[in-house]
2 protein chains.
Amino acid sequence: MTASLEAPLHDAAETDVAAQVREVAQRAKVASRALATATRATKDAALHALADALVAATAEIVAANALDLDRGRADGISPGLLDRLALTHERVAAIADALRELAGLPDPVGEVVRGSTLPNGLRLRQLRVPMGVVGMIYEARPNVTVDAAGLALKSGNAVILRGGSAAAHSNEVIVRVLSDALVAQRLPGDLVQSIDAWGRPGAVALMHARGLVDVLVPRGGADLIATVVRESTVPVIETGVGNVHVYVDESADLSVALPILLNAKTQRVGVCNAAETLLVHEGVADEFLPVALAALADAGVTIHGDETTLRLAPEEVSVVAATDEDWAKEYLSLDLAVRVVDDLDEALDHIRTWSSGHTEAIVTRDLAASERFVAEVDSAAVMVNASTRFTDGGQLGLGAEIGISTQKLHARGPMGLAELTTTKWVVQGDGHVRP
Amino acid sequence: MTASLEAPLHDAAETDVAAQVREVAQRAKVASRALATATRATKDAALHALADALVAATAEIVAANALDLDRGRADGISPGLLDRLALTHERVAAIADALRELAGLPDPVGEVVRGSTLPNGLRLRQLRVPMGVVGMIYEARPNVTVDAAGLALKSGNAVILRGGSAAAHSNEVIVRVLSDALVAQRLPGDLVQSIDAWGRPGAVALMHARGLVDVLVPRGGADLIATVVRESTVPVIETGVGNVHVYVDESADLSVALPILLNAKTQRVGVCNAAETLLVHEGVADEFLPVALAALADAGVTIHGDETTLRLAPEEVSVVAATDEDWAKEYLSLDLAVRVVDDLDEALDHIRTWSSGHTEAIVTRDLAASERFVAEVDSAAVMVNASTRFTDGGQLGLGAEIGISTQKLHARGPMGLAELTTTKWVVQGDGHVRP
């Protein structure tokens, strides 16, 4: 088991764990009240203090991280995961800088979303207010610990963190540093709490703490997200899985299509907004595919193609025959499924069948095709003549993001600060009663 | 069991039910596509056609309703429930009129929620689009069948209805009439479907149809809502339970406080925005309570009071001693819990402990008290010198409502047409790639 943050409770019965996690949530709820009415100046000063505290504790954080890395190597976790887990002096500095950037963003709290005076004279305002308590269940990425704490703080919320056990030592130190820094700023230390000490039963208890936890954001692989969605009675926002399509239309400017395709597939692999399937209109397949497949192969991409793609591929490019599994898969690697479609209808059909509703792009010069694609593709983001990699809170100007929602409730697409708030109706009268 | 809408399947294994309900949802999803891009004119014309069809079918609807009423009486259901279940010619006309009013409301679909041009030239729009498929689980109120269908249609969604079995005959006819009227308007009949024929297993299957159903709205008693919240993997919006407080501050104009209190408690009983607890500042309790309690008693209200209230009650008013159960209870009847508090802090504390987060009101002339109450009460709606009965989509100018959300995710307070939509990011470039 992982290091404990408070009393070690690994042998406690599940009901005890539930009670203790509810106590954590109760403390978070009380702490959140102090923050709900805090001014932006207070919150921004706290964010700077958290950043300074992290930098000051770099040696201790890196040392704790070394323990996690040692165990990770011993457990044989993949080089990719080890890289995500690793903290260096530079990475701690970058994580701290992200908190300082958060301080520079506008405060979502207090925004008047709607307002009016009714015919009977009632004054109506719908105000943006903090959620209260945000739960976060994620995998072994210690930077998410700081990100989530910073986003929650800026949006006026307390946060309860459940990180992957592979990052337990790192997270334990980070949470302690953040919590202490909050206390030094005369804010409640309970605004940032971890439940890692309670292991898996603790995570389950968090999922059932409805009424105390206002929203739960799972961030990680498909299995993690599916478990949280199934188990949780706390409202969940599903993030992340991106089976992303690029469709090259008959009318596409192919000199625009190629860089978009390469950027979408290869600019960064292993992220949810990277392209996983290329659809090409059969009218341009002869011209586009040989060039595109060669360029992809040069970039190290393995092609999984349908029959037409197999036929059109240049000799030097080896293409694997695609199956339904390929259309369904979020590779998160240098692989790409490629299919030639008869027309826009077949492209839309393919996307309807296989997309995870994250991001799809069309490359076209035809206004009607672009309008149909925008109207009929049912995804969080639709790109016209732009790379799918732009579906990102930072890129879209929302500031930081806590994840990218692929569900339709509450938040869809990049979830920034506003998506961590709710609203409250304030109705002001002069003795108004309902007739 | 209730009457079946299609093939009778009451003996089918649960897995069959799940497959069949998923098929219903699949058909709803396909149908929703035709509506997603429909113009407001098309949708409004359809709403008028549905209204006309209901009126034309009044005799058949009332006859089916009579069967439900007969069975309800035989089963000994309460007069209140029988009243909610009953349909007359006048009620059918009123239900149809509500559809015509919906046609008069603005279309939420297509609204540009946010938009900008980024420094790199990308054009960004966040558009309001339909959810897709809305599920509705409710109790024996046939008017909800029509309301939900109308709201879904206007907001561009297909709806899957699971009504209470006590209204099965009524709902069967209503759904058929609505569906046929849609077909006559050249819209898919599958936009309005019922799964009543599959009984309870059907409802469970609906709760598990994640990916096909985009949101589930339970509407009814606390038990129904708790079951849906616990069982559902489809995102749920919790509606309804209102343990609503009125706080009369030390500085209150008592001639304003009394009508607000009486309106909040007695204007309509059995609704979620009716007051259930009165809190009175001890500085005005001597003056206010004897008058208020007498007026409440005159209106037929039974008082459940704390010790001070018991002491201050006029002799002719009998007061029951209140317990914690009274503070917790949503009476939905002519009962009111009454407590004298030391100050605003104690009032806020009481509300924090017992409120369901629906609506609370303060009656005050003190600006600081009103501002603290507004800031610190964590409810969907906060009233200042106004009756709690104004928490209502119609009263607040949102048009019709599908329910009142007491959770913080997606919708908080009255849920109107906008709350039945989601958003989509549309990003337009000229070959933009991410550097």
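Residues numbered from 1 in each chain as written. Chains lettered and ligands numbered in written order. Predicted model: local features only at pLDDT ≥ 70, side-chain atom pairs only at ≥ 80, totals over all residues. Heavy atoms only, no water.

What follows is about the interface of chain B and chain A. Chain B puts 69 residues into the contact, and the matching count from chain A is 69 residues. Of all residues in chain B, the largest losses of buried area upon contact with chain A belong to Leu409(B), Trp425(B) and Arg434(B), amounting jointly to 15% of the total for that side. The closest approach of N and O atoms between Arg434(A) and Asp392(B), which form a salt bridge, is 4.0 Å. Taken together, the connections running from chain B to chain A amount to 46 residue pairs in polar contact (both at pLDDT 80 or more). Contributions of two or more residues to the side of chain B that touches chain A are made by strand E2 (123–130), helix H9 (222–231), helix H10 (254–266), helix H15 (367–376), strand E13 (381–386), strand E15 (413–415) and strand E16 (421–432) of chain B. Looking at the side of chain B that touches chain A element by element, the count peaks at 11 residues for E16(B). Looking at side-chain class alone, the side of chain B that touches chain A contains 32 nonpolar, 21 polar and 16 charged residues. Here strand E13 (residues 381–386) of chain A runs beside E16(B); their pairing, made up of 5 bridges, is parallel. Within E16(B), the residue paired with Val384(A) across the bridge is Gln428(B). (Contact = heavy atoms within 4.5 Å. Buried area = accessible area lost by both parts, 1.4 Å probe. Salt bridge = Lys/Arg side-chain N within 4 Å of Asp/Glu carboxyl O. Polar contact = N/O pair within 3.5 Å; in protein donor to acceptor, adjacent residues only side chain to side chain. Helix = DSSP H or I, 4+ residues; strand = E, 2+ residues; numbered from the N terminus. Nonpolar A, V, L, I, M, F, W, Y, C, P; charged D, E, K, R; others polar. Pairing = 2+ DSSP bridges.)

Let us now look at the side chain of Gln126(B). Residues and elements named next belong to chain B. By secondary structure assignment, the location of Gln 126 is in strand E2. Engagement of the side chain of Gln 126 in a polar contact is seen with the side chain of Arg 114, the distance being 2.8 Å. Within the local environment of Gln 126, its side chain forms a polar contact with the side chain of Thr 423, the two groups lying 3.2 Å apart. Gln 126 has contacts with Glu 111, Val 112, Val 113, Arg 114, Thr 423, Lys 424 and Trp 425, leaving out every residue within four places of it along the chain.

Attention now moves to the sheet that holds strand E4 (residues 158–162) of chain B. Residue and element names in this part refer to chain B. Strand order in the open sheet made by the 4 strands is E5-E4-E3-E6, with parallel pairing throughout. Each edge of the open sheet is held by one strand with a lone partner, namely strand E5 (192–194) and strand E6 (215–219). Neighbour to neighbour, the strand axes of the sheet diverge by 20° on average, direction disregarded. By the bridge criterion, 5 bridges tie strand E3 (residues 133–138) to E6 in an arrangement that is parallel. The partner of Ile 137 across the bridge, within E6, is Pro 218. (Axes fitted to C-alpha atoms, helices over the stretch in contact; angles between N-to-C directions.)

What follows deals with helix H2 (residues 40–56) of chain A. Structurally, the α-helix is built with 3.6 residues per turn, so residues lying three or four positions apart point the same way. Between its first and last C-alpha, H2(A) extends 24 Å over 17 residues, near the 24 Å set by a 1.5 Å rise per residue. Of the positions making up H2(A), those classed as buried are Lys43(A), Asp44(A), Ala46(A), Leu47(A), Ala49(A), Leu50(A), Ala51(A), Ala53(A) and Leu54(A). (Expected span 1.5 Å × (residues − 1). Buried < 20%, exposed > 50% of the residue type's maximum accessible area, 1.4 Å probe, protein only.)

Strand pairing in a sheet relies on backbone hydrogen bonds. The paired strands run either parallel or antiparallel. Residue and element names in this part refer to chain A. Pairing within the open sheet is parallel, and its 4 strands lie in the order E5-E4-E3-E6. Strand pairing shows two members of the sheet lacking a second neighbour, strand E5 (192–194) and strand E6 (215–219), which therefore form its edges. Between one strand axis and the next, the sheet turns through 20° on average, direction left out of account. As paired elements, strand E4 (residues 158–162) and E5 share 3 bridges and run parallel to each other. Across the sheet, Leu 161 pairs through a bridge with Ser 194, a residue of E5. Contacts between helix H8 (residues 199–207) and the sheet are confined to strand E3 (133–138), E4 and E6, with E4 contributing the most and set at about 140° to the helix.

Residues and elements named next belong to chain A. With respect to burial, strand E16 (residues 421–432) is a largely interior element, 9 of its 12 residues being buried. Note: strand E2 (residues 123–130) against E16, 8 bridges, orientation antiparallel. The residue of E16 that forms the bridge with Leu 127 is Lys 424.

Annotation from UniProt places "domain: Aldehyde dehydrogenase" (unreviewed entry) at residues 18–299 of chain A. Split by type, residues 18–299 of chain A is 55% helix and 16% strand. Its first and last C-alpha atoms lie 50 Å apart. (UniProt positions renumbered as here; feature names shortened; annotations may be inferred.)

Let's shift gears to the packing of aromatic side chains. Aromatic ring pairs are reported here in terms of the distance separating the ring centres and the angle at which the planes meet. Residues and elements named next belong to chain A. What the rule picks out here adds up to 2 aromatic pairs over all chains. Where Tyr 247 meets Phe 373, the ring centres are 6.3 Å apart and the plane angle is 15°; that geometry is what we call stacked. Residue Tyr 247 is found in strand E7 (residues 244–248), and its partner Phe 373 is found in helix H15 (residues 367–376); the two are separated by 126 residues along the sequence. Take Tyr 247 and Phe 373: they sit in the same class, and that class is buried. (Phe/Tyr/Trp six-rings, centres within 6.5 Å; stacked < 30°, edge-to-face > 60°.)

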